[in-house]
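What follows is each chain in one-letter form.
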Amino acid sequence: MTGRTYEQSKPLMTPAQTAALDAQRRRARLGHNLRRGSIYALAVLLAIWILLPIWLITTMAFSTPTDVRAFPKHFFPIPFSTQTLDFFLNTQGILNSTLNSLVVALLALVISTVLAIPAGYAIARYLFPGRDAIRLGILSVRAFPIVVLAVPLAVVFIRLGMFDKVHSLAMMHAALTLPTTILVVASVFTSVPREFEEAAQIFGCTRMQAFWRVVLPLAVPGIAAAAILTFVLSWNEVFAAILLTISNRTLPAQILYTLDKSGDPFKFAGGFFMLVPSLIFIFFIRRYLFNMWGQITK
Amino acid sequence: MAEIVIENAVKRFGKFVAIDDVSLTIHDQEFVVLLGPSGCGKTTLLRAVAGLGMVDSGRVLIGGKDVTYLPPKERQISMVFQNYAIFPHMTVFDNIAFGLKMRKLPKETIRERVEHAAKLLHIETMLERFPGAMSGGQRQRVAVARAIAYDAKVLLMDEPLSNLDALLRLEMRAELKALLARLGATTVYVTHDQIEALSMGDRIAVMRNGKILQVDSPTRVYDLPTNQFVGSFIGNPPMNFLRGQVRRENGTVKVKIGTLLIAPPEEMQAALGSYEGRHVYIGIRAENMETLDRPADDTLPVKVEVVEPLGSQNLLTTYVEDNMIKISTHPDFPAEVGGQVWLRFPISKIRWIDPETGEAITPDMETILA
């Protein structure tokens, strides 16, 4: 229908035409509602898919060991008890490996951040020979799962005699997270307008001073997000940790090692204990993750 | 003294020549506007003066000192950026004080200078605020205050008003002009807005394709453009260009437009004589033609095609042969679409243009001096 005939027919519409138009409109609205409804249904399903195990683990972690072993499982932690968690925390090696995990994660965070800042800045700001090749290299490293990367890396580490030490595992984790961190930090630096740096230079800064006084403060939130990501990755990483440590196990390695020798209460409590730090960190950095992925937040 | 001298500056980006052998001298305390369409090299030239992009060859001197390859901080310059570039993580006070702190001035001096600059820009009540909580116009004021407080001998401005809405731009233009006149810094101001250039500059350097086409006072750039591009880029409406045929009658050179014969002034005779039998363009501003509502001597009858009442003037569109011309008339002038008016071309207001090069035909110097 051309615009012109529409204009002419509008005041002259017969009741039949009006009815047809109404029906058409109703169908359109129904279709729209259906699409919306199915998207919401899908979202709810996905949320349940993720939240149900988390809820189950949490419930079990706060139930008595007897209740944990019982079947069917409770849906709420009644009676509420920290007995299961207490048992887990007092198990031989758990406290020690928690401390190891903490040290490894913090060290990895520091190493990876300190290296990623200059690397990310260079990629964001300078046109140097091989820049695209380096970017592509970093990106392609990310394409491999950690398991694939960890084996050859572990071989190198063992050959160099760097194993079963907290700092060697930290370096391993830093190496594994570095590609991600560099790319995130580079994108953070790219988002700081070049004009800020130039203005700083006009008003008396050298390039270095402009970086310290203007660029870095503006990039800190994003860099912190990348650092926390490293922390979480290191905290959760188990494969390299098992390969590289024997006596100085990190928490996930320790749990995995003792998993088949322990009962359900230990497993649930361990799962809960591993889960919580990641959830807390993700909660704090989700804003930066959204920014990173280009989502527009209100 | 802060005279800026640019000598044979060349800047390339790959194969693209952004500045093509440009030389320009900006006198101490002068306000020069670099004007041109986007991509003409005006910002590149400004950045070469600022030290944010070094030239590939040529020299830049500020106050007699060769600064061609010095970093910005050693050039004694100050700058206002197009997007203001106010640091979002600092308060307005810290933004304005930034350069002064870098110079390690005493705290008291910094406070005085910041407050003085803030007062000049009427933002003295906002010193504790962060830029994020300010409007575009206010941020613009902070950027100018920061540049002023730094108290450099040279002030560079890169399209400082282009991000403001029309009304605010108008207001800020006058305020900025008055302020800069008081400061007496040598100012280089980049803009693509010809009205801004005409209204603010002591001199205007019109640029195109990396070259400076003309450097002159606003009136001269407006009335006496040295080529067709300058005439059509500056002024609203742009300068009219009519084709005229050059012929010789009774020993004097005449130019014929339609049915009208124009006798060029004495000093143009020799120069235009060399175009005999060919065409030239007659460049004339819309408001420089005399419009009559009845036939008279030395007038050209034209048919009015469009009448645009613009309040202070009526803009008529007509055609002479194939050339569209715009005529500005008094709002009371009786003109109707389809009606006829008669145009007179005052000889002193005509710019003669070579149709091939687009350059203005200049009078023979010897005839003038004789």
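Residues numbered from 1 in each chain as written. Chains lettered and ligands numbered in written order. Predicted model: local features only at pLDDT ≥ 70, side-chain atom pairs only at ≥ 80, totals over all residues.

**Observations concerning the overall build of chain B**
At step 1: A count of helices and strands for chain B gives 10 helices and 20 strands.
At step 2: Along the three orthogonal principal directions, the C-alpha set of chain B runs to about 80 × 45 × 40 Å.
At step 3: Within chain B, buried positions represent 39% of all 370 residues.
At step 4: Put simply, 66% of the contacts in chain B that link residues at least 6 apart link residues at least 24 apart. (Helix = DSSP H or I, 4+ residues; strand = E, 2+ residues; numbered from the N terminus. Buried ≥ 20, exposed ≤ 12 C-beta atoms within 10 Å, placed from the backbone. Contact = placed C-beta atoms within 7 Å.)

**A short note on the overall build of chain A**
At step 1: The helix and strand tally for chain A stands at 13 helices and 0 strands.
At step 2: Ordered by position from N to C terminus, the α and β elements of chain A give α-α-α-α-α-α-α-α-α-α-α-α-α.
At step 3: Judged by the C-alpha coordinates and their principal axes, chain A covers about 90 × 70 × 35 Å.
At step 4: Once local pairs closer than 6 in sequence are excluded, the contacts in chain A between residues at least 24 apart make up 71%.

**Brief notes about the interface of chain A and chain B**
At step 1: Counting residues at the interface gives 14 residues for chain A and 19 residues for chain B.
At step 2: Elements that contribute at least two residues to the side of chain A that touches chain B include exactly helix H9 (194-202) and helix H10 (207-236) of chain A.
At step 3: Top contributing element to the side of chain A that touches chain B by residue count: H9 of chain A, with 6 residues.
At step 4: Counted by class, the side of chain A that touches chain B contains 9 nonpolar, 3 polar and 2 charged residues. (Nonpolar A, V, L, I, M, F, W, Y, C, P; charged D, E, K, R; others polar.)

**Here we look at the nonpolar core**
At step 1: Within the largest apolar cluster, 126 residues are counted, with the highest numbers of intra-cluster contacts made by Val185 of chain A together with Ala145, Leu156 and Ala205 of chain B.
At step 2: At 15 residues, helix H8 (residues 166-190) of chain A tops the list of elements feeding residues into this core.
At step 3: Discounting residues that sit within four places of it in the chain, Ala145 of chain B has contacts with Ile96, Ala117, Ala118, Leu120, Leu121 and Ile123 of chain B.
At step 4: With 25 residues, the next largest nonpolar core counts Phe241, Val253, Phe345 and Ala360 of chain B among its residues. (Core = buried A, V, L, I, M, F, W, Y, C linked by C-beta atoms within 7 Å.)

**Focus: the sheet that holds strand E8 (residues 186-191) of chain B**
All names here are of chain B.
At step 1: Pairing is mixed across the open sheet formed by 6 strands, whose spatial order is E6-E7-E8-E3-E9-E10. Since the sheet does not close on itself, it has two edges, and those belong to strand E6 (77-80) and strand E10 (211-216), each with one partner. Between one strand and the next, the sheet's axes are offset by a mean angle of 20 degrees, whatever the strand orientation.
At step 2: In this sheet, strand E9 (residues 203-208) lies alongside strand E3 (residues 31-35) in parallel orientation, the contact comprising 4 bridges. What sits directly across from Val33, in E9, is Ile204.
At step 3: Contacting E6 and strand E7 (154-158), helix H4 (residues 136-149) crosses the sheet at an angle of about 175 degrees to E6. (Pairing = 2+ DSSP bridges. Axes fitted to C-alpha atoms, helices over the stretch in contact; angles between N-to-C directions.)

**Description of the environment of Thr186 of chain B**
At step 1: Mapped onto the fold, Thr186 of chain B is located in strand E8.
At step 2: If near-sequence neighbours (up to four positions away) are discounted, Thr186 of chain B is found in contact with Ala2, Ile4, Ile26, Asp28, Gln29, Glu30, Lys153 and Val154 of chain B.

**Quick word on the sheet that holds strand E12 (residues 252-257) of chain B**
Residue and element names in this part refer to chain B.
At step 1: Spatial strand order, E13-E12-E11-E14-E20: 5 strands in an open sheet with antiparallel pairing. Strands at the two margins of the open sheet, each flanked by one partner only, are strand E13 (260-262) and strand E20 (351-353). On average, adjacent strands in this sheet sit at an angle of 40 degrees to one another, irrespective of strand direction.
At step 2: Of the pairings in the sheet, the one linking strand E11 (residues 240-249) to strand E14 (residues 279-284) comprises 6 bridges and is antiparallel in character. Along E14, the bridge assignment pairs Gln245 with His279.

**Some thoughts on the pairing of strand E18 (residues 323-329) of chain B**
On a regular strand, one side chain projects to one face of the sheet and the next to the other, so that they alternate.
All names here are of chain B.
At step 1: Relative to E18, strand E17 (residues 314-320) runs antiparallel, the two sharing 7 bridges. Residue pairing across strands places Asn314 opposite Thr329, the latter belonging to E18.
At step 2: The hairpin formed by E17 and E18 contains 2 residues between the paired strands, and Glu321 there has a positive phi angle of roughly 50 degrees.

**Section: the packing of H8 of chain A against H10 of chain A**
Residue and element names in this part refer to chain A.
At step 1: Their axes nearest at 9 Å, the elements H8 and H10 cross at an angle of 155 degrees. When the interaxial angle is binned, H8 and H10 end up roughly antiparallel. In this structure, H8 crosses over H10, and the sense of that crossing is right-handed. In this structure, H8 contributes His173, Thr177, Thr180, Thr181, Val184, Val185, Val188 and Phe189 to the contact, and H10 contributes Val215, Ala219, Gly222, Ile223, Ala226, Leu229, Thr230, Leu233 and Ser234.
At step 2: Of the residues belonging to the contact of H8 with H10, the class tally is 10 nonpolar, 7 polar and no charged. (Parallel < 35°, antiparallel > 145°, perpendicular 65-115°, else oblique. Left-handed = near helix turned anticlockwise from the far one by under 90°.)

**Side note on the environment of Ala118 of chain B**
At step 1: Mapped onto the fold, Ala118 of chain B is located in helix H3 (residues 107-120).
At step 2: Not counting chain neighbours up to four residues away, the residues in contact with Ala118 of chain B comprise Ile96, Ile123, Glu124, Leu127 and Ala145 of chain B.

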